[in-house]
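Each chain is listed here by its residues.
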Amino acid sequence: MASTITVTETIAARPDVVFAASSNIPAWAEVIPAINRIEMLTDGPVGVGTRFIETRTLFGREASETMEVVEYEPPSHYVLKAESNGCRYLTEIRFEPHGDVTKMSFNFTAEPLTIFAKVMGVIMKPLMKKMIQLCAKDLRALKEHVETQNVAA
């Protein structure tokens, strides 16, 4: 059974500005403190088919995931996909205008594909609250970055 985490953040900028900052994958390591580095595997602008390796500190250990952009619809949303350790991961990021601000929603779904991954999913269930906190921290870092840049513009 798939597990989903949803985190939202309200950012004081238009959706196109928030989308541009959020989808600037090569700059993530400069914006989000938990991300140690990004290695782009494809050339050109970010869009469907863009592949990259994200390396971050997770639960005190360095972890890397190869990801691919599978949907890219500026300024409304984009979707990332990864498969590892017997799971398929989908991350959907949506941007909705609300007056002068943007509601950014981060939906992360982990779907176990193997028996081992299903068992590990049950064992890891208590860590879901911590994962939500980590995702919220990433969004707060992006919010601070966008709002600081938006004021300077």
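Right above here is the structure, for reference.
Owing to the predicted nature of the structure, the values given are computational and were not obtained by experimental measurement.

1. Overview of the side chain of Arg-56
- Within the secondary structure, Arg-56 sits in strand 3 (residues 51–58).
- Residue classification places Arg-56 among the buried residues on the basis of a relative accessible area of 14%.

2. Overview of the sheet that holds strand 4 (residues 61–73)
- Overall, antiparallel pairing links the seven strands, which are arranged 1-7-6-5-4-3-2 in an open sheet. Only two strands of the sheet have a single neighbouring strand rather than two, namely strand 1 (3–11) and strand 2 (35–40). Each strand axis lies, on average, 25° off the axis of its neighbour in the sheet, ignoring direction.
- Here strand 2 runs beside strand 3; their pairing, made up of five bridges, is antiparallel. In the strand pairing of strand 3, Met-40 is matched with Phe-52.

3. Some details on the packing of aromatic side chains
- Within the structure shown, the criterion is met by seven aromatic pairs.
- A centroid spacing of 5.6 Å and a plane angle of 90° characterise the contact between Phe-19 and Tyr-78, whose relative ring orientation is edge-to-face. On the criterion of sequence distance, the pair formed by Phe-19 in helix 1 (residues 15–22) and Tyr-78 in strand 5 (residues 77–84) is long-range, its members being 59 residues apart. Of the two residues, Phe-19 and Tyr-78, neither departs from the other in class, the shared state being buried.
- Taken together, a centroid distance of 5.7 Å and an interplanar angle of 15° make the contact between Tyr-89 and Phe-108 stacked.

4. Thoughts on the pairing of strand 4
- Pairing analysis gives eight bridges linking strand 3 to strand 4, with the strands arranged antiparallel. Residue pairing for strand 4: Phe-52 is matched across the bridge by Met-67.
- Counted between consecutive antiparallel strands, the loop separating strand 3 from strand 4 contains two residues, among which Phe-59 sits at a positive phi close to 55°.
- Here five bridges tie strand 4 to strand 5, and the two strands are oriented antiparallel to one another. Pairing of Glu-68 across the sheet is with Lys-81, part of strand 5.
- Counted along the chain from strand 4 to the antiparallel partner strand 5, the turn is three residues long.

5. Notes on the pattern of salt bridges
- If you walk through the whole model with that rule in mind, you get 10 salt bridges.
- Lys-143 is the partner of Glu-9 in a salt bridge, and the nearest nitrogen-oxygen pair spans 3.9 Å. Remark: Lys-143 occurs in helix 4 (residues 128–152) and Glu-9 occurs in strand 1; sequence separation between them is 134 residues.
- Looking at Lys-143, the relative accessible area reads 23%, which means it is partly exposed.
- Of the charged contacts, one joins Asp-16 and Arg-14 as a salt bridge, the two residues approaching to 3.0 Å between their closest N and O atoms.

Criteria and thresholds
Residues numbered from 1 in each chain as written. Predicted model: local features only at pLDDT ≥ 70, side-chain atom pairs only at ≥ 80, totals over all residues. Heavy atoms only, no water. Helix = DSSP H or I, 4+ residues; strand = E, 2+ residues; numbered from the N terminus. Buried < 20%, exposed > 50% of the residue type's maximum accessible area, 1.4 Å probe, protein only. Pairing = 2+ DSSP bridges. Axes fitted to C-alpha atoms, helices over the stretch in contact; angles between N-to-C directions. Phe/Tyr/Trp six-rings, centres within 6.5 Å; stacked < 30°, edge-to-face > 60°. Salt bridge = Lys/Arg side-chain N within 4 Å of Asp/Glu carboxyl O.

None of the figures reported here should be taken as evidence of function without further support.
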